[in-house]
Amino acid sequence: MKKILFTLLLLTTGLFAQNKSKPNLETITLAGGCYWCVEAVYENLVGVQSAVSGYAGGKTSNPTYEDVSTGQSGYAEVVQLTYDKNVTNLDEIFKVFFTVHDPTTLNRQGADVGTQYRSAIFYKNENEKKISQALIKDLSKAKVYDSPIVTTLEPLTTFYKAESYHQNYYKNNSSQPYCKMVIQPKLEKFEKLFKNRLKKK
C-alpha cells in the first residue's frame, strides 16, 4: 500500500496556481466501480465543476439502472466530469482515479461484481487516449500494483445520465450502510492524499 501511494504521489504534478481567468471547461468520462463512489470523490476535487453519474459503453438506447445492473447490457456505471483546465487537468484527474479504485480487478470493485463495475476510461479524442495510455504504462513499469492493470480504454460514443436518485448519492444518503462502509473510506483516502487539492467546504 505504501509503495502504491508513494509512487502515485511522485507521478503527480505540482500544485496549480489559482487562475482567475474565464473557465476553460472540458469533460472526461470514467468508470471505477459503483458510480456513487467515483462521484463522491470528484465532487470534492478543486477544479471539477460537476460530476454526473450515468452509463456508457453499451449499444442499446436509453438504458435504465435495471438494464445495466444485469451485467448483460455492455454498459458501465460511469461518472462524467466537467472540469476547468485552468485549475486542474487530465493528468491529475487520472491520478485521483488510479488512487481511489483498484484497476487490477476485472469487472469488480470489492463486493460489486459484473461488467457494469469494470475499470474503464472512456476517451472522446486521441489526446485523452494518449494521456491514459502513458499513465497506465508508467504505473505498470513502476510496478505500483502487484497485479496487472486491467483498465480498459474505450471510445465514448454516448453518455446517458443516470436516474435522478443516483445523482449526489453520497451527499443525500451518507447515513446509509453502503455509504458508510464503502464510499466513506474511499473519500477519506482521497482527502488524505490530495488534501491540498480539496474544495473549501
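Please read these numbers as outputs of a predicted model, since none were measured by experiment. (Residues numbered from 1 in each chain as written. Predicted model: local features only at pLDDT ≥ 70, side-chain atom pairs only at ≥ 80, totals over all residues. Heavy atoms only, no water.)

## Things to note about the UniProt feature "domain: Peptide methionine sulphoxide reductase MsrA" (unreviewed entry) in the protein
- When the UniProt feature table is mapped onto this chain numbering, "domain: Peptide methionine sulphoxide reductase MsrA" (unreviewed entry) sits at residues 27-180.
- Between the end C-alpha atoms of residues 27-180 there is a gap of 29 Å, over a span that is 31% helix and 25% strand. (UniProt positions renumbered as here; feature names shortened; annotations may be inferred. Helix = DSSP H or I, 4+ residues; strand = E, 2+ residues; numbered from the N terminus.)

## Structural notes on the environment of Tyr55
- For Tyr55, the location among the structural elements is in strand S2 (residues 48-56).
- In the structure, Tyr55 is positioned 31 residues away from Asn24 in sequence and 25 Å away in space, judged by C-alpha atoms.
- A polar side-chain atom of Tyr55 sits 2.7 Å from a polar atom in the side chain of Glu163. (Polar contact = N/O pair within 3.5 Å; in protein donor to acceptor, adjacent residues only side chain to side chain.)

## Focus: the pairing of strand S7 (residues 152-155)
- Direction of pairing for strand S6 (residues 119-123) relative to S7: parallel, over a ladder of 4 bridges. Directly across from Ala120, in S7, lies its bridge partner Thr152.
- Read from S6 through helix H5 (residues 126-141) to S7, the crossover connection turns out right-handed. (Pairing = 2+ DSSP bridges. Right-handed = clockwise from strand over helix to strand, strands pointing away.)

## A word on the sheet that holds strand S8 (residues 160-161)
- With mixed pairing, 6 strands are arranged side by side in an open sheet as S7-S6-S1-S3-S2-S8. At either end of the open sheet lies a strand with only one pairing partner, and these are S7 and S8.
- Direction of pairing for S2 relative to strand S3 (residues 76-84): antiparallel, over a ladder of 8 bridges. Across the sheet, Tyr55 pairs through a bridge with Glu77, a residue of S3.
- The strands touched by helix H2 (residues 35-42) are strand S1 (25-32), S2 and S3; relative to S2, the strand with the most contacts, the crossing angle is about 170°. (Contact = heavy atoms within 4.5 Å. Axes fitted to C-alpha atoms, helices over the stretch in contact; angles between N-to-C directions.)

## Comments concerning H5
- Helix length check: H5 (16 residues) gives 22 Å between terminal C-alpha atoms against 22 Å at 1.5 Å per residue, within 8%.
- Buried within H5 we find Glu128, Ser132, Leu135, Ile136 and Leu139. For H5, the angular spread of buried residues about the axis comes to 100°, placing them on one side. Of the residues in H5, the exposed ones pointing more than 90 degrees away from the buried face are Lys130, Lys137 and Lys141.
- For H5, the side-chain oxygen to backbone nitrogen distance between the N-cap and Asn127 is 3.2 Å, and the N-cap itself is Asn125.
- After H5 finishes, the residue Lys143 shows a positive phi value of roughly 55°. (Expected span 1.5 Å × (residues − 1). Buried < 20%, exposed > 50% of the residue type's maximum accessible area, 1.4 Å probe, protein only. Arc of directions from axis to C-beta.)

## A few points about unusual backbone geometry
- One non-glycine residue, Asn62, adopts positive backbone phi at about 50°.
- Along the polypeptide, Asn62 turns up in the loop between S2 and helix H3 (65-69).

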